[in-house]
Amino acid sequence: NEYKSYLRMSKKTAAEIYSIITDPEQVKTYRDLGNLLSLDTNKFHYDLPHDQIRQWVEAKHQEILSRIHEAKDRASFRWEHVGSTSIPGMPGTHHPDAVMLFSEFPPPQGVISALVDTGFFYMGHGTMDVNDLWFVMVVEEPGFLFNHIFKIHVTLDSCATALILIETRDRCRNDPEAFEAYKAGKIAASKKLEEGDIMGYKKAKFECPILREIEEKYNARRDDAFFTSK
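Residues numbered from 1 in each chain as written. Predicted model: local features only at pLDDT ≥ 70, side-chain atom pairs only at ≥ 80, totals over all residues. Heavy atoms only, no water.

### A closer look at the confidence of the model for the protein
Moving on, step 1. Confidence in the prediction for the protein averages 89 pLDDT; 90% of positions are at 70 or higher.
Moving on, step 2. With pLDDT under 50 throughout, residues 1–6 is counted as low confidence; its partners more than four residues away or in other chains account for 12 contacts. (pLDDT = per-residue confidence, 0-100. Contact = heavy atoms within 4.5 Å.)

Quick look at the structure:
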């Protein structure tokens with residue numbers, strides 16, 4: 001499948017996206033999943049190529065930076081590679097995740113323009129926080145990530161979602177018990193992926209005790225309707 005015909009999402013301009021995310025009502029209701037839930041790359045892998053993915057994610061980070069024209073905009077955020085692909089040895093999907101952490105919100109329009117120019121679509125806000133803005137792309141270059149989703153959380157540095165993602169990564173990297181607990185939870189949830197239910201997989205994964213513990217630490221609550229609405 002060719003990239004341009006494979007991803008069916010609304011390709012909005014940076015100005016249109018900025019208008020949405022700066023409107024308190026629009027940012028709450030806007031959501032465009034396109035055909036992301038039905039991609040045939042939603043597969044569970046027990047042996048992820050973590051080093052290759054880490055290098056690819058950092059290359060994409062540098063590409064985004066190269067498209068931001070103002071130095072103050074380039075310095076406005078911190079970048080973190082998160083999710084299973086950032087934890088060596090952790091099984092999961094080939095879909096990388098990153099966070100762009102800002103001290104002020106909304107992010108500069110120059111950053112939004114750079115994301116659009118790099119090939120990202122605005123999907124809407126996440127499951128916990130209306131200021132957790134999800135930008136996604138489906139990888140178009142040939143290789144092991146072809147037609148896989150790369151998602152960036154564009155959010156505040158105080159956002160519970162970002163803090164949970166970072167703490168989960170760091171604990172699993174440094175605490176063998178946390179690693180094994182999260183791994184077991186992901187493997188149990190992977191049955192949903194075998195059934196073709198990517199959102200069911202995500203919801204089941206979040207039932208993992210270690211994630212529940214970290215979420216409670218930040219007093220975070222997920223919107224379970226996110227996992228069932230289309």
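Let's pick the thread back up.
### Re the sheet that holds strand β4 (residues 133–138)
Moving on, step 1. Here five strands make up an open sheet; going across it, the order is β1-β2-β5-β4-β3 and the pairing mixed. Two strands close off the open sheet at either side, each with one partner strand: β1 (77–82) and β3 (121–125). Recorded for the sheet is a direction-independent mean angle of 25° between the axes of neighbouring strands.
Moving on, step 2. Judged from the six bridges that link them, strand β2 (residues 97–102) and strand β5 (residues 149–156) form a sheet pairing that is parallel. When the sheet's bridge partners are listed, Ala98 is paired in β5 with Ile152. (Pairing = 2+ DSSP bridges. Helix = DSSP H or I, 4+ residues; strand = E, 2+ residues; numbered from the N terminus. Axes fitted to C-alpha atoms, helices over the stretch in contact; angles between N-to-C directions.)

### Observations concerning the pairing of β3
Moving on, step 1. Of all five residues in β3, four are buried; the element is thus mostly enclosed.
Moving on, step 2. As paired strands, β3 and β4 are joined by four bridges and run antiparallel to one another. Bridging across to β4, His125 finds its partner in Leu133. (Buried < 20%, exposed > 50% of the residue type's maximum accessible area, 1.4 Å probe, protein only.)

### Notes on the environment of Phe105
Moving on, step 1. With respect to the helices and strands, Phe105 occurs in the loop between β2 and α6 (109–118).
Moving on, step 2. Owing to a relative accessible area of 24%, Phe105 belongs among the partly exposed residues under this scheme.
Moving on, step 3. Not counting residues up to four positions away in its chain, the partners in contact with Phe105 are Asn131, Leu133, Val154, Thr155 and Leu156.

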